[in-house]
Amino acid sequence: MLLALSACGQSSTGWNPTSDGWPYAEPIAWAQYRPGLQSEIDKAGESADCDTLYQLFGEALDLDADNPEVLTYISRWGKHDQCERFTTEARP
């Protein structure tokens, strides 16, 4: 069953990548990234599209390797969806 997401990335079940022990004090500054990145990540996470999550992880790594919040956000979607590349000890 697919979960419907609101604009803030929260599923209808109340889970979102920034809940349950989010390690950063500030919310992600999505405006500093390309338009639509958060919605693409949420759409891939909502549909358990592990390949797209992996591609977006690579894009985010290239964009800002010194800012781990987006990488953590994508990784949490991957783990939530039980994507193999995100559930192993090694990062994608």
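Residues numbered from 1 in each chain as written. Predicted model: local features only at pLDDT ≥ 70, side-chain atom pairs only at ≥ 80, totals over all residues. Heavy atoms only, no water.

Draft legend 1. The overall build of the protein, seen in detail. Scanning the protein from N- to C-terminus turns up four helices and zero strands. Mapped in sequence order, the helices and strands of the protein form the string α-α-α-α. Counting over 92 residues, the protein shows a buried share of 38%. Contacts in the protein between residues far apart in sequence, at least 24 positions, make up 62% of those at least 6 positions apart. (Helix = DSSP H or I, 4+ residues; strand = E, 2+ residues; numbered from the N terminus. Buried < 20%, exposed > 50% of the residue type's maximum accessible area, 1.4 Å probe, protein only. Contact = heavy atoms within 4.5 Å.)

Draft legend 2. Spotlight on the packing of helix α2 (residues 50-63) against helix α3 (residues 68-80). Close contact between α2 and α3 brings their axes to 9 Å; oriented N to C, the two are set at 170°. One finds that α2 runs roughly antiparallel with respect to α3. Facing α2, whose interface residues are Leu53, Leu56, Phe57, Ala60 and Leu61, α3 presents Val70, Leu71, Ile74, Ser75, Trp77 and Gly78. Of the residues belonging to the contact of α2 with α3, the class tally is nine nonpolar, two polar and no charged. (Axes fitted to C-alpha atoms, helices over the stretch in contact; angles between N-to-C directions. Parallel < 35°, antiparallel > 145°, perpendicular 65-115°, else oblique. Nonpolar A, V, L, I, M, F, W, Y, C, P; charged D, E, K, R; others polar.)

Draft legend 3. View of the state of the cysteines. Counting across every chain of the model gives one disulfide. A sulfur-sulfur distance of 2.0 Å marks the disulfide that ties cysteine 50 to cysteine 83. Residues cysteine 50 and cysteine 83 share a disulfide whose torsion about the S-S bond is about -80°; that sign makes it left-handed. Here cysteine 50 is found in helix α2, whereas its partner cysteine 83 is found in the loop between α3 and α4 (84-87), with 33 residues between them in sequence. Of the residues examined, cysteine 50 reaches a relative accessible area of 26% and is grouped as partly exposed. (Disulfide = S-S within 2.5 Å.)

Draft legend 4. Inspection of the nonpolar core at higher detail. Formed by 19 residues in total, the largest nonpolar core has its most connected members in Trp30, Ile41, Leu53, Val70 and Ile74. For this core, the secondary-structure elements that each account for two or more residues are α1 (37-46), α2 and α3. Sorting elements by how many residues they give to this core places α3 first, with five residues. If near-sequence neighbours (up to four positions away) are discounted, isoleucine 74 is found in contact with Ile41, Leu53, Leu56, Phe57, Ala60 and Phe86. (Core = buried A, V, L, I, M, F, W, Y, C linked by side-chain atoms within 4.5 Å.)

Draft legend 5. Quick peek at unusual backbone geometry. Positive phi values are uncommon outside glycine, yet alanine 48 reaches one of about 55°. Among the secondary structure elements, alanine 48 is positioned in the loop between α1 and α2. Note on alanine 48: relative accessible area 41%, which makes it partly exposed. At glutamine 82, a position not held by glycine, the phi torsion is positive, near 60°.

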